[in-house]
Amino acid sequence: MKNSKTPAATHPLTPPQKLPTPKRKLAIEGVPSKRAKAIAATEPTSPKLKRGKTIKPLAPERIAAILDALRKTYPNVVCALTHRNAFELVIATALSAQTTDVNVNKATPELFRMFPTPKALAAAPLPEIERLIHNTGFFRAKAKNIKAASQVLVDQFGGVVPQTIAELIQLPGVARKTANVVLGSWFGIPSGVVVDTHVLRLSRRLELTKADEPVKVEQDLQKVIPQDRWIQFSHELIHHGRQICIARKPRCADCSLEKLCNSADKTWSSH
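Just so we're clear, the structure is a prediction, and the values are computed from it rather than from any experiment.

Section: the overall build of the chain
When helices and strands are tallied, the chain shows 13 helices and two strands. Taken along the three principal axes of its C-alpha coordinates, the chain extends 60 × 35 × 30 Å. Taking all 271 residues of the chain together, the buried fraction comes to 52%. Put simply, of all contacts in the chain between residues at least 6 apart along the chain, 66% involve residues at least 24 apart. When the accessible surface of the chain is totalled, it reaches about 12,900 Å², and 58% of it is carbon and sulfur. A gap of 3 Å separates the mean positions of the 41 positive and 22 negative side-chain charges of the chain.

This is the structure:
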């Protein structure tokens, strides 16, 4: 059953555990500072109208330069969540809310060893699920959601993770962000742009949107980012927000996008 048209698939992201350690480190943490500065030096400078304002921030050539710098900074970008199949990615992404991927990756190996399928997790005792995911925070609500989501997968989808937004968001605890992660990272379907707190913050700093609601931010990004880059762009921004463009005191001197950015809260500027 399909409730909405499925966008054409591109290339799914490689699960992180399948990459050798050096490549995985680059794909998630990005290139070293020296290389990031060299990337920045090759990109054009975005002229500013005034502090915090870029002249023509959505100019195609500026968008292309941003995408180029991100691609070079996070070669072969991956989703940071360990997963072996679509079901594991659904659960891991749901668990990642308001915690780190590191914490999720510590919890899921034992969770999936004990309950490897939707049917098994749906039948699992709630206290046991809570114990296994305790370190991810909000464990009671998350345990309830992932158990219920597994039951919906069994009852409505035959235990198979669906491949449309409309169907995925029927799962308890799964909103559009999680659905986009699963469709993009596992199935290679560019259903939308993943907008988490990092993507929202960086999109505003880069003046790709003026919105502050995830749905509107996603709509704005979809207008300027080519669809065949939605999957990679989402994860590149997520990683960049964690490593470099942090909320307080962003590491602008080490940023490969520095010449392209005129954010008012830059901590260092070359122009």
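A word on the packing of helix H3 (residues 60-73) against helix H13 (residues 230-243)
When two helices pack together, you describe them by how their axes are tilted relative to each other and by the distance separating the axes. Viewed as axis vectors pointing N to C, H3 and H13 meet at an angle of 70°, and their least axial separation amounts to 10 Å. Accordingly, the angle class assigned to the pair H3 and H13 is roughly perpendicular. Here the hand of the crossing between H3 and H13 comes out left-handed. Packed against H3, whose contacting residues are Leu67, Leu70 and Arg71, the element H13 presents Phe233, Glu236, Leu237 and His240 at the interface. Partitioning the contact of H3 with H13 into residue classes produces four nonpolar, one polar and two charged.

Examining unusual backbone geometry
Of note, the phi angle at phenylalanine 138 is positive, near 50°, even though the residue is not glycine. With respect to the helices, strands and loops of the structure, phenylalanine 138 is situated in the loop between helix H7 (126-132) and helix H8 (139-157).

Details of the pattern of salt bridges
Scanning all chains against the criterion turns up 14 salt bridges. The shortest N-O distance in the salt bridge between aspartate 68 and arginine 71 comes to 2.9 Å. Note that aspartate 68 and arginine 71 are positioned in helix H3 at a spacing of three residues, about one turn of the helix. Each of the salt bridges in this network shares a partner with another, and the network as a whole consists of Lys37, Arg251 and Asp254.

Re H13
Over its 14 residues, H13 runs 20 Å from end to end, which matches the ideal 20 Å to within 8%, given 1.5 Å per residue. A large share of H13 lies buried, amounting to twelve of its 14 residues. Of the positions making up H13, those classed as buried are Trp230, Ile231, Gln232, Phe233, Ser234, His235, Glu236, Leu237, Ile238, His239, His240 and Gly241.

Some thoughts on the nonpolar core
Among the nonpolar cores identified, the biggest contains 73 residues, and Ile91, Leu111, Leu121, Val161, Leu171 and Phe233 are the most heavily contacted of them. With eight residues, helix H4 (residues 86-95) is the single largest residue contributor to this core. What leucine 171 contacts, discounting residues up to four positions off in sequence, is Val90, Ala149, Val152, Leu153 and Phe157. Listed in part, the five residues of the second largest apolar core include Leu19, Ala27, Ile28 and Ala80.

Section: H3
In this model, H3 (14 residues) spans 20 Å end to end at C-alpha, consistent with the 20 Å of a helix rising 1.5 Å per residue. Taken together, the buried positions of H3 are occupied by Arg62, Ile63, Ala65, Ile66, Leu67, Asp68, Ala69, Leu70 and Thr73.

Looking at the packing of H4 against helix H5 (residues 101-114)
As a packed pair, H4 and H5 sit with axes 10 Å apart at the nearest point and diverge in direction by 140°. As the angle between them shows, H4 and H5 are arranged oblique. Remark: the crossing between H4 and H5 carries right-handed chirality. From H4, Phe87, Glu88, Ile91, Ala92 and Leu95 reach across to H5, where they touch Val104, Thr108, Leu111 and Phe112. In terms of residue class, the contact of H4 with H5 is built from seven nonpolar, one polar and one charged.

Calculation criteria
Residues numbered from 1 in each chain as written. Predicted model: local features only at pLDDT ≥ 70, side-chain atom pairs only at ≥ 80, totals over all residues. Heavy atoms only, no water. Helix = DSSP H or I, 4+ residues; strand = E, 2+ residues; numbered from the N terminus. Buried < 20%, exposed > 50% of the residue type's maximum accessible area, 1.4 Å probe, protein only. Contact = heavy atoms within 4.5 Å. Areas by Shrake-Rupley, 256 points an atom, 1.4 Å probe, with all protein chains shown as cover. Lys, Arg positive; Asp, Glu negative; His and termini not counted. Charge placed at Lys NZ, Arg CZ, Asp CG, Glu CD. Axes fitted to C-alpha atoms, helices over the stretch in contact; angles between N-to-C directions. Parallel < 35°, antiparallel > 145°, perpendicular 65-115°, else oblique. Left-handed = near helix turned anticlockwise from the far one by under 90°. Nonpolar A, V, L, I, M, F, W, Y, C, P; charged D, E, K, R; others polar. Salt bridge = Lys/Arg side-chain N within 4 Å of Asp/Glu carboxyl O. Expected span 1.5 Å × (residues − 1). Core = buried A, V, L, I, M, F, W, Y, C linked by side-chain atoms within 4.5 Å.

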